[in-house]
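Letter by letter, the chains look like this.
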Amino acid sequence: MSYAEDELNSQPECWIRAVETAVRHRAVLPAPGERVAVTGCGTSYFMAQAAAALREAAGQGETDAFPASEFRRHRRYDRVLALTRSGTTTEVLDLLAALRGTTRTTAVTADPHTPVTATADDLVVLDFADERSVVQTRFATTALTLLRAHLGRHPDTAVTDARAALTADLPAHLVSRAQFTFLGRGWTVGLAHEAALKMREAALAWAESYPAMEYRHGPVSIAADTTATWMLGPAPAGLADQVRATGATWVHDGLDPLAGLVRAQRLALAVATARGLDPDRPRHLTRSVVLPDAPGAPEGE
């Protein structure tokens, strides 16, 4: 079993612990009414998008999401929340250092023995969700579960649905599809982006992601009998029939959307295995992006 598969399968138990952690760290997580920005890079940025949309939908206050390299530093926030599994990513550390003394910052990380400990004002450690695989699975969903629980938006069914996502068969012939499109609405748009990223990272697969209502505005033109379109969360009326009419495979499992992401992670690993790839060592990637300390160095995670 790969590290990625083992870590993927441990997510229900990690989520249970994340809910308990949220209660203990309520004081350092965004309070109702605060103006907040959530940031990260790569997978963490997509979780930031989901968290920001959830917080605004919950009526907790204006919430933006940015990649750390594209943060709007001229804007003023009551708190900046940074998601960083490794605690070593250059752009996140640079941003937290720049904000120090002007904006309260909280970092959610898996490793308390990294530079982020000294850079953020407050820290939430999810060391039980740390990972050995380069490809993120459980840290990402555990961090988002922490924030869902903090917002009162973690349903009792989420863990049960995650367990079902780990055991239910994937749709027939899905592994052999040539192209995958993931769709979301509201907070699940971030999940769709993350599902597509998992397919690209782990399986080198052609994968795209869109807000569901935007899919009709051009991207549906690639749908065919060699493609699959996967909806995370409630689907717009009529979209399933439109996709099926193209000959594409329509996937909509009705699970809690975060559990649906777990199922999409399973698909990414299944496609990787079918293609003879090692998901623990994806091409051209490392566990953390640490950039050289040189003028003009590019920024990104």
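Procedures and definitions
- In this convention, every chain numbers its residues from 1, walking through the sequence in written order.
- Note on the predicted model: pLDDT of at least 70 is required for a residue's local features to be given, and 80 or more for side-chain atom pairs to be given and counted; whole-chain, interface and lining totals, by contrast, use all residues.
- As a rule here, side-chain values cover all heavy atoms of the structure and leave hydrogens and water aside.
- Starting at the N terminus, helices and strands are each numbered in turn, a helix being any DSSP run of H or I of at least four residues and a strand any DSSP run of E of at least two.
- Salt bridge criterion: a side-chain nitrogen from Lys or Arg within 4 Å of a carboxyl oxygen from Asp or Glu.
- Whether a residue is buried, partly exposed or exposed follows from its accessible area with a 1.4 Å probe, protein chains only, as a fraction of its type maximum: under 20%, in between, or over 50%, in that order.
- Whether two strands pair comes down to DSSP finding at least two bridges between them.
- Helix axes are fitted to C-alpha atoms over the stretch in contact, other axes to C-alpha atoms as well, and angles between N-to-C directions run from 0 to 180 degrees.
- Contact criterion: two residues are considered in contact whenever any of their non-hydrogen atoms come within 4.5 Å of each other.

Take Thr-160: it is sitting in helix H7 (residues 157-167). Sequence spacing of Thr-160 and Tyr-77 is 83 residues, and the spatial spacing of their C-alpha atoms is 36 Å.

Below, the discussion takes up the pattern of salt bridges. By the definition in use, this model includes 13 salt bridges. Among the ionic pairs, Glu-34 bridges to Arg-79, the shortest N-O distance being 3.6 Å. Here Glu-34, found in the loop between helix H2 (11-24) and strand E1 (36-40), pairs with Arg-79, found in strand E3 (residues 79-84); they are 45 residues apart in sequence, far enough to count as distant. Measuring nitrogen to oxygen at the nearest pair gives 3.6 Å for the salt bridge that ties Asp-241 to Arg-244. Of this pair, Asp-241 and Arg-244 both sit in helix H9 (residues 239-245), separated by three residues, roughly a single helical turn. Overall, the relative accessible area of 56% leaves Asp-241 in the exposed class. The structure contains a network of salt bridges with shared partners spanning Glu-34, Arg-79, Arg-104 and Asp-122.

Right, let's get into the sheet that holds strand E9 (residues 249-251). With parallel pairing, the four strands of this open sheet are ordered in space as E7-E6-E8-E9. The open sheet has two edge strands with one neighbour each: strand E7 (206-211) and E9. Recorded for the sheet is a direction-independent mean angle of 20 degrees between the axes of neighbouring strands. With three bridges connecting them, strand E8 (residues 227-232) and E9 associate as parallel partners. Each residue of the ladder has a partner; that of Ala-228, found in E9, is Thr-249. The strands touched by helix H8 (residues 188-203) are strand E6 (179-184), E7 and E8; relative to E7, the strand with the most contacts, the crossing angle is about 175 degrees. Strands in contact with helix H10 (residues 257-274) are E6, E8 and E9; relative to E8, the strand with the most contacts, it is inclined by about 155 degrees.

By themselves, these are just geometric observations and shouldn't be taken as functional.
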